[in-house]
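Reading the structure
In case you want the letters, here they are:
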Amino acid sequence: MNTLLFPVILAGGKGERFWPLSRKDRPKQFLSLDGSSRSLLQATADRLIELGGGWDSLWVITSSQIAEGVRQQLPDLPVENLLIESEGRDTAAAVAWTSLEIKQRYGEDAVIGFFPADHWIADQEAFARTLNAATQLATSTAAIVTLGIKPTFPSTGYGYIEQGEKIGSFNELPAYHVNRFTEKPDRETAETFLSTGRFSWNSGMFVFRAGVVLKELHTHAPEIIEPLEQHGPDIYPQLPKKSIDYALMEKTTLAYVLPVDFGWDDLGDWNAIERLLKTEETPNVELATHVGIDTQGAIIYASNPEDVVVTIGLEDVVIVRDRNVTLVVKKERTQEIKQILKIIQSDSRFTDLL
């Protein structure tokens, strides 16, 4: 049985909550948000190529709008390992198509891992040990393995996974059958989840054998897998738009979870920058030339080092200056950036801002 892991990077997202830095021509996965010189996409590829045995084993699935940018960011990626979606149909279609392609090339026992392009991982060695454990489990069992992040606070922004019966240990990590996946909870429910010790955050990272996931897709999502098998990727625009969680993970009985702790963030919006870079010694997170009086708890970013951001008497705000746009928003309302983008999309004066 083939125990080599074929990592797949899901790189089709728009990253709208990082607007105005993230735009159509420069989505979030092309950005460096942690102060390093590597983009999120490049950093994800860096930590996966060694796990999968080099560039020949790494795959990327992305949208036609940014495929050329992916090629520029990852010039060593083999052309045949880049799958380009003609239209985004969410993660279920992406998983189905990629799994079909890898099965065709390497057989149904090929072990595949799916990883979003916009995650931050602190401990690379622990991440590698976790992927080795997940690969062992997927190789030995008809399993769809998900990585559950041990929660550090009662987040209302993540989905949760409830672990059930322990089925053994792999690479010294305990593995459990999944009792259920839950949607983003309210604060009280999240606190209850943490108090039980049985819940982890849903990371959106999965490992399984190609044949196992394709069989489960036939059972639970035939409306996605069957058209792809019959017509190939040309049918993509007609596929239903569903997440892999909704289409498969919430329904399958083959879901297993490895609760892990390697330092993780999904970098969902501007507040993630504070989680990564804030120190006790500084009142703000400043990725800009900033002059301020009585300003604290602020996240300040400017893409042009010559731009100067001046603040007086501000608290708990995000200020982003990029090209011809300045965004100022309270930190607790950054989720509403998507609503602003809908307003901008409807006004022809602002189309160049997207």
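So, a few notes on the structure that sits alongside this text. (Residues numbered from 1 in each chain as written. Predicted model: local features only at pLDDT ≥ 70, side-chain atom pairs only at ≥ 80, totals over all residues. Heavy atoms only, no water.)

Within the protein, the secondary structure is distributed over 10 helices and 17 strands. In summary, the protein has a C-alpha radius of gyration of 21 Å against a globular reference of 20 Å for 354 residues, a match within 12%. If one aligns the C-alpha atoms of the protein with their principal axes, the spans along those axes are about 60 × 45 × 35 Å. Within the span of the protein, comprising 354 residues, buried residues form 51% of the whole. When the 34 basic and 50 acidic side-chain charges of the protein are each reduced to a single mean position, those positions are 4 Å apart. (Helix = DSSP H or I, 4+ residues; strand = E, 2+ residues; numbered from the N terminus. Rg over C-alpha atoms; globule rule 2.2 N^0.38 Å. Buried < 20%, exposed > 50% of the residue type's maximum accessible area, 1.4 Å probe, protein only. Lys, Arg positive; Asp, Glu negative; His and termini not counted. Charge placed at Lys NZ, Arg CZ, Asp CG, Glu CD.)

Looking now at the sheet that holds strand β14 (residues 299–302). Taken in spatial order, the 4 strands line up as β12-β14-β16-β17 in an open sheet, and their pairing is mixed. In the strand order of this sheet, the two ends are held by β12 (285–287) and β17 (325–330), each with one partner. Going across the sheet, the axis of each strand differs from the next one's by a mean of 5°, ignoring polarity. In terms of strand pairing, β14 meets strand β16 (residues 317–322) through 4 bridges, oriented parallel. Bridge pairing in β16 links Tyr-301 to Val-320. (Pairing = 2+ DSSP bridges. Axes fitted to C-alpha atoms, helices over the stretch in contact; angles between N-to-C directions.)

Our focus in this paragraph is the pairing of β17. Only one face of β17 is covered, namely the face carrying Val-325, Leu-327 and Val-329; the face carrying Thr-326, Val-328 and Lys-330 is uncovered. Sheet topology note: the β16/β17 ladder contains 6 bridges and is antiparallel. Looking at β17, one finds that Val-318 is bridged to Val-329. Hairpin geometry of β16 and β17 is characterised by an intervening segment of 2 residues between the two adjacent antiparallel strands and by a positive phi of about 50° at Arg-323.

Below, the discussion takes up the pattern of salt bridges. Here the structure, examined in full by the defined rule, presents 19 salt bridges. A salt bridge links Lys-331 to Glu-274; its shortest N-O distance comes to 2.8 Å. Residue Lys-331 is found in the loop between β17 and α10 (337–345), and its partner Glu-274 is found in helix α9 (residues 271–277); the two are separated by 57 residues along the sequence. For the residue pair Lys-331 and Glu-274, the accessibility class agrees, reading buried in each case. Each member of the salt-bridge network shares a partner with another, and the members are Arg-23, Asp-25, Arg-26, Asp-322 and Arg-323. (Salt bridge = Lys/Arg side-chain N within 4 Å of Asp/Glu carboxyl O.)

Moving on, we get to α10. Among the residues of α10, Ile-337, Leu-341 and Ile-344 are the ones counted as buried. The buried residues of α10 occupy one face: seen down the axis, they fall within an arc of 60°. Turned more than 90 degrees away from the buried face of α10 sit Lys-342 and Ile-343, all of them exposed. Contacts made by the buried residues of α10 are with β17. (Arc of directions from axis to C-beta. Contact = heavy atoms within 4.5 Å.)

The next subject is the packing of aromatic side chains. This model, assessed by the stated rule, comprises 13 aromatic pairs. Members of the aromatic cluster, connected to one another through ring pairs, are Phe-153, Tyr-158, Trp-201 and Trp-264. The ring of Phe-127 has Arg-47 lying over it, and the distance from NZ or CZ to the ring centre is 5.8 Å. The ring of Tyr-246 carries the charged tip of Lys-251 above its face, separated from the ring centre by 5.3 Å. (Phe/Tyr/Trp six-rings, centres within 6.5 Å; stacked < 30°, edge-to-face > 60°. Lys NZ or Arg CZ within 6 Å of the ring centre and 35° of its normal.)

Just distances and angles here, no functional claims.
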